[in-house]
Amino acid sequence: MQSLRRSISVHLIDAVGRLCDAINSHSAQRVADCFTADYAAEVPHRPAESFTGREQVLTNWSLIFTRVPDLKARILRTAIAGSEVWSEWEMSGTSPEGLPALLAGPVVMTVRDDRINWPRFYVGPVSSVSSHPGKK
């Protein structure tokens, strides 16, 4: 039983790691491939941004990579709670205005067939990069 739990945990964390690698590749298609076709994204702080479908992931990330071509993603930490993986993200780059951009926050996800099929996405802009203690 312990071995099965460890295997499930590795499976969940691997899916999150693949997503981070895909984001850092700057390939919107690679990012979209990390999600199931019926992916259902929840954005509790901005409900109008919630959506369903891998095609919308492709559209969204194509726009993100156009606006922030030097985007870099980092996973600061992960935890497993049952069938969910909780992860803390930090994404940085340069805004279209040439200013530093920083997004940070947690994402709670479930995985099906090695792809992410549901998240609650709490990542948002950090108000001042210079005041962020983890940013150098």
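Details of the structure are given in the entry above.
About the thresholds
- Residues numbered from 1 in each chain as written.
- Predicted model: local features only at pLDDT ≥ 70, side-chain atom pairs only at ≥ 80, totals over all residues.
- Heavy atoms only, no water.
- Pairing = 2+ DSSP bridges.
- Helix = DSSP H or I, 4+ residues; strand = E, 2+ residues; numbered from the N terminus.
- Expected span 1.5 Å × (residues − 1).
- Buried < 20%, exposed > 50% of the residue type's maximum accessible area, 1.4 Å probe, protein only.
- Arc of directions from axis to C-beta.
- 1 Å grid on protein atoms, 1.4 Å probe; cavity = no way out; pocket = protein on both sides within 12 Å on 5 of 7 lines; lining within 4 Å.
- Points joined across faces, edges and corners; volume = space filled by probe spheres on them.

Inspection of the sheet shows strand β3 (residues 72–81) paired to strand β4 (residues 84–94) by nine bridges, in the antiparallel sense. By the bridge assignment, Ala79 is partnered in β4 with Trp86.

In this model, helix α3 (residues 54–67) (14 residues) spans 20 Å end to end at C-alpha, consistent with the 20 Å of a helix rising 1.5 Å per residue. Residues of α3 that are buried include every one of Val57, Trp61 and Phe65, and no others. The buried side chains of α3 occupy one side of the element, clustering within an arc of 60 degrees when seen end-on. The exposed set on the far side of α3, more than 90 degrees from its buried face, consists of Glu55, Leu63 and Thr66.

Here we come to the layout of surface pockets. Its boundaries defined by the atoms lining it, the largest pocket holds a volume of some 1,000 Å³. Lining the largest pocket are 39 residues, and of these Arg46, Glu49, Ile64, Leu103 and Phe121 lie nearest its centre. When contributions to the lining of the largest pocket are tallied by element, the ones reaching two or more residues are α1 (2–25), α3, β4, β5 (100–112), β6 (115–121) and β7 (124–125). For the lining of the largest pocket, the element with the most residues is α3, which contributes six residues.

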